[in-house]
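Okay, here's what each chain looks like letter by letter:
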Amino acid sequence: MHTKFETVGTYTPQNLISRDIPRRDKKVTMSFPADRSAGALIMNQSGNFEPATNALVGDASEIAILAHDVAAGNDQEVIIWLTGGYFESGLDLGDVVMTDGIRSSMRGNGVYLD
């Protein structure tokens, strides 16, 4: 007796994780005004995590990475990565313009970009 193989889904690898640096994750509740993909920048503003915007990301106390795709909506539980190594080209920057200051801030919190 043999098994019939069939395609039940597809897998598309992300070009996001770059190094074997331990990733520390956290479950947070956030609202998203628009759909965001894995690799979106998430900032901590006064203890509240929210999607990073170019206007506010320089003042963030912490910048994390969204671990999975998210549809627009209010009060959603999501997983973010607080540390780890990532390809900068794989990030979903939205309107954020990546600067050396942002990279340095991320590196100081254990997020390394290649």
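What this report covers is the structure whose coordinates are included nearby. (Residues numbered from 1 in each chain as written. Predicted model: local features only at pLDDT ≥ 70, side-chain atom pairs only at ≥ 80, totals over all residues. Heavy atoms only, no water.)

**Side note on the pattern of salt bridges**
Thought 1: Overall, the coordinates contain five salt bridges when judged by the stated rule.
Thought 2: Across the pair Arg19 and Asp114 runs a salt bridge whose closest N-O atoms are separated by 2.7 Å. Placement of Arg19 in the segment before β1 (25-32) and of Asp114 in the segment after β7 (111-113) is noted, with a sequence separation of 95 residues between them.
Thought 3: We classify Asp114 as partly exposed; its relative accessible area is 41%.
Thought 4: Lys27 is the salt-bridge partner of Glu77, the closest N and O atoms lying 3.8 Å from each other. Of the two residues, Glu77 is situated in strand β5 (residues 73-81) and Lys27 in strand β1; the sequence distance between them amounts to 50 residues. (Salt bridge = Lys/Arg side-chain N within 4 Å of Asp/Glu carboxyl O. Helix = DSSP H or I, 4+ residues; strand = E, 2+ residues; numbered from the N terminus. Buried < 20%, exposed > 50% of the residue type's maximum accessible area, 1.4 Å probe, protein only.)

**Here we look at unusual backbone geometry**
Thought 1: A positive phi angle is found at Ser46, which is not glycine, with a value near 55°.
Thought 2: A residue is classified by how much of its surface remains accessible, and Ser46, at 76% relative accessible area, is exposed.

**Remarks on the side chain of Glu62**
Thought 1: On the secondary structure map, Glu62 appears in strand β4 (residues 62-66).
Thought 2: Buried and unpaired, Glu62 has no salt bridge, with Arg24 as the nearest side chain of opposite charge at 4.3 Å.
Thought 3: Once residues lying within four places of it in the same chain are set aside, the contact partners of Glu62 are Arg24, Ile42, Met43, Asn44, Phe49, Leu82 and Asn109. (Lys, Arg positive; Asp, Glu negative; His and termini not counted. Contact = heavy atoms within 4.5 Å.)

**Observations concerning the environment of Leu56**
Thought 1: Tracing the sequence through the fold places Leu56 in the loop between β3 (48-51) and β4.
Thought 2: Residues Leu56 and Val96, 40 residues apart in the sequence, show an inter-C-alpha distance of 9.2 Å.
Thought 3: Beyond its immediate stretch of four places on either side in the chain, Leu56 contacts Met43, Gln45 and Glu50.

**Some remarks on the sheet that holds β4**
Thought 1: In space, the five strands of this open sheet follow the order β1-β5-β4-β2-β3, with antiparallel pairing throughout. Strand pairing shows two members of the sheet lacking a second neighbour, β1 and β3, which therefore form its edges. Strand-to-strand, the axes of this sheet are offset by a mean angle of 45°, without reference to chain direction.
Thought 2: With four bridges connecting them, strand β2 (residues 41-45) and β4 associate as antiparallel partners. The residue bridging Ile42 from the neighbouring strand is Ala64, located in β4. (Pairing = 2+ DSSP bridges. Axes fitted to C-alpha atoms, helices over the stretch in contact; angles between N-to-C directions.)

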